[in-house]
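The primary structure of each chain is shown beneath.
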Amino acid sequence: MDVLIGSAIAYFAVWIYELGNLAVLSAVGTQAAMAFLGPLPVGVSAVNPDPRLLAFAKPLQVLLCGAAMFGLLWSVRSKGLPVATLVASATLSIYLASSYWEVLSWVGSSSY
């Protein structure tokens, strides 16, 4: 059962990230749309009228996704599921590591 829950967390981690991306891009842009490859979302596109807003939106996306994954991590950890806990903590660390690239792009756009 633990491995099954861990597999479900890995699948839904993609959805959490892309839905967070869709929510943030919908807030700062127009015509946000999600692209799919089979049962998985593979990207989000939107028309962005102000690139400066995007620099603030992407770190917000990482915070939204990280908060959702932290809640999931907390719940599976309290149930004593080691594999699911490992998958959730690894996914959370990937989300947090992606914040580095998002902040790096913000620094680059604000230095011009």
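Residues numbered from 1 in each chain as written. Predicted model: local features only at pLDDT ≥ 70, side-chain atom pairs only at ≥ 80, totals over all residues. Heavy atoms only, no water.

Draft legend 1. Representation of the overall build of the protein chain in the model. Check the secondary structure of the protein chain and you find three helices and two strands. Ordering the α and β elements of the protein chain from the N terminus gives α-β-β-α-α. C-alpha atoms of the protein chain, sized along the principal axes, occupy 50 × 30 × 15 Å. With 112 residues in all, the protein chain has 30% of them scored as buried. In the protein chain, the proportion of contacts linking residues at least 24 apart, taken out of those at least 6 apart, comes to 57%. Looking at the protein chain as shown, the accessible area adds up to about 6900 Å², and 74% of this sits on carbon and sulfur atoms. On the protein chain, the mean spot of the 4 positive side-chain charges and the mean spot of the 4 negative ones are 8 Å from each other. (Helix = DSSP H or I, 4+ residues; strand = E, 2+ residues; numbered from the N terminus. Buried < 20%, exposed > 50% of the residue type's maximum accessible area, 1.4 Å probe, protein only. Contact = heavy atoms within 4.5 Å. Areas by Shrake-Rupley, 256 points an atom, 1.4 Å probe, with all protein chains shown as cover. Lys, Arg positive; Asp, Glu negative; His and termini not counted. Charge placed at Lys NZ, Arg CZ, Asp CG, Glu CD.)

Draft legend 2. The arrangement of helix α2 (residues 51–78) in detail. The end-to-end C-alpha separation of α2 is 41 Å, in line with the 40 Å expected for 28 residues at 1.5 Å each. Following α2 by one or two positions, G80 has its phi on the positive side, about 75 degrees. (Expected span 1.5 Å × (residues − 1).)

Draft legend 3. Geometry of the side chain of N21. Here N21 is to be found in helix α1 (residues 2–28). Among all residues touching N21, those that are not within four sequence positions of it are V44, K58 and Q61.

Draft legend 4. The arrangement of the nonpolar core in detail. Counting residues in each nonpolar core, the largest one holds 11 residues, listed as I9, A13, C65, M69, L73, V76, L81, A84, A88, L92 and Y95. Beyond its immediate stretch of four places on either side in the chain, L73 contacts T85, A88, S89 and L92. V24, V28, M34 and A57 belong to the second largest nonpolar core, which has six residues in total. (Core = buried A, V, L, I, M, F, W, Y, C linked by side-chain atoms within 4.5 Å.)

Draft legend 5. Geometry of the confidence of the model for the protein chain. Confidence along the protein chain averages 86 in pLDDT terms, with 91% of residues attaining 70 or more. Mean pLDDT across the elements of the protein chain bottoms out in helix α3 (residues 82–110) (82) and peaks in α1 (92). (pLDDT = per-residue confidence, 0-100.)

Draft legend 6. Representation of the pairing of strand β2 (residues 40–47) in the model. In this sheet, β2 lies alongside strand β1 (residues 30–37) in antiparallel orientation, the contact comprising six bridges. Bridged to A33 within β2 is S45. Linking β1 to β2, which pair antiparallel, is a turn of two residues; within it G38 sits at a positive phi near 65 degrees. (Pairing = 2+ DSSP bridges.)

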